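What follows is the residue order along each chain.
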Amino acid sequence: MIETIKLYIEYSIMGLLVFMSFLTLWFSLERYFFLSKVNLQDYKKKGELENSLTNNLTTISTIASNAPYIGLFGTVCGIMITFYKISESSNLDTNGVMMGLALALKATALGILVAIFATVIYNGLARKVEVLMTKWEDLNES
């Protein structure tokens, strides 16, 4: 029973983090191609341009800030399951305990990896948006 719960939690957390990575990649590619081809002369109002340029950046930022927490949740669940297994067994197997704790930490590691990936992507795209906004302001000064 506890092994089934462990597998469900593990696959759910890892699956969610992989899905978040996929979303980050998908939205970042969409933004990259849009930002590389945007025509600044098509926009008459600054707000309209800003809304168009920053579309999907909030999702990338949200993934970057929340991925470590999802990984940490998986780690906490893994540690709780390890402690439960320890309490069920009559003998203390230190190798089993260490293996359980080490495997529990992989969720945090993946969460941090996803967050780093999303943060780097977000910062690069945010800088490109700043540059385009400055160019638009320079074009519309006269």
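Refer to the structure presented above.
Here's what I pulled together on the structure shown here. Only a predicted model underlies this, so the values are computations on that prediction, with no experimental measurement involved. (Residues numbered from 1 in each chain as written. Predicted model: local features only at pLDDT ≥ 70, side-chain atom pairs only at ≥ 80, totals over all residues. Heavy atoms only, no water.)

1. Some details on the overall build of the protein
The secondary structure content of the protein amounts to four helices and zero strands. Its helices and strands in sequence order give the protein the pattern α-α-α-α, from N to C terminus. Computed over C-alpha atoms, the radius of gyration of the protein comes to 22 Å, more than 25% over the 14 Å expected from 2.2 N^0.38 for 142 residues, which places it beyond the range of a compact globule. Dimensions of the protein along its principal axes, counting C-alpha atoms only, are 80 × 20 × 20 Å. Burial analysis of the protein (142 residues in total) assigns 32% to the buried set. As presented, the protein carries roughly 9200 Å² of accessible surface, and 65% of it is formed by carbon and sulfur atoms. Both charge centroids of the protein, one from 11 positive and one from 12 negative side chains, sit 5 Å from each other. (Helix = DSSP H or I, 4+ residues; strand = E, 2+ residues; numbered from the N terminus. Rg over C-alpha atoms; globule rule 2.2 N^0.38 Å. Buried < 20%, exposed > 50% of the residue type's maximum accessible area, 1.4 Å probe, protein only. Areas by Shrake-Rupley, 256 points an atom, 1.4 Å probe, with all protein chains shown as cover. Lys, Arg positive; Asp, Glu negative; His and termini not counted. Charge placed at Lys NZ, Arg CZ, Asp CG, Glu CD.)

2. A few points about the nonpolar core
Formed by 26 residues in total, the largest nonpolar core has its most connected members in Leu 17, Met 20, Leu 49 and Leu 53. Listed by contribution, the elements that provide at least two residues to this core are α1 (2-37), α2 (46-53), α3 (57-88) and α4 (94-139). Here this core takes nine residues from α4, the largest share from any one element. Beyond its immediate sequence surroundings of up to four residues, Met 20 is in contact with Ile 63, Asn 66, Ala 67, Ile 70 and Val 114. (Core = buried A, V, L, I, M, F, W, Y, C linked by side-chain atoms within 4.5 Å. Contact = heavy atoms within 4.5 Å.)

3. Section: a nonpolar patch on the surface
A contiguous nonpolar patch, built from Leu 25, Leu 29, Tyr 32, Phe 33 and Phe 117 and spanning about 490 Å² of accessible area, is present on the exposed surface. For the nonpolar patch, the element with the highest residue contribution is α1, accounting for four residues. Relative to the elements of secondary structure, Phe 33 occurs in helix α1. (Patch = residues over 30% accessible without salt bridge, like charges linked within 9 Å, V, L, I, M, F, W, Y side chains within 5 Å. Salt bridge = Lys/Arg side-chain N within 4 Å of Asp/Glu carboxyl O.)

4. Focus on the pattern of salt bridges
Counted under the stated rule, the structure contains five salt bridges. Note that Lys 85 and Glu 3 form a salt bridge whose closest N and O atoms lie 2.3 Å from each other. With Lys 85 in helix α3 and Glu 3 in helix α1, the pair connects residues that are 82 residues apart, well separated along the chain. A salt bridge links Lys 46 to Glu 137, with the shortest nitrogen-to-oxygen separation between them at 2.8 Å. Taken together, the residues Lys 46 in helix α2 and Glu 137 in helix α4 connect sequence positions 91 residues apart.

5. Quick look at the packing of α3 against α4
Packing of α3 against α4 leaves a shortest axis separation of 8 Å and a crossing angle of 175°. On the basis of the axis angle, α3 is roughly antiparallel to α4. Here the residues of the contact of α3 with α4 sort into 21 nonpolar, ten polar and no charged. (Axes fitted to C-alpha atoms, helices over the stretch in contact; angles between N-to-C directions. Parallel < 35°, antiparallel > 145°, perpendicular 65-115°, else oblique. Nonpolar A, V, L, I, M, F, W, Y, C, P; charged D, E, K, R; others polar.)

6. What about the packing of α1 against α3?
For the pair α1 and α3, the least separation of the axes is 10 Å and the interaxial angle reads 165°. When the interaxial angle is binned, α1 and α3 end up roughly antiparallel. You can see that α1 and α3 cross each other, and the crossing is left-handed. In terms of residue class, the contact of α1 with α3 is made up of 18 nonpolar, six polar and four charged. (Left-handed = near helix turned anticlockwise from the far one by under 90°.)

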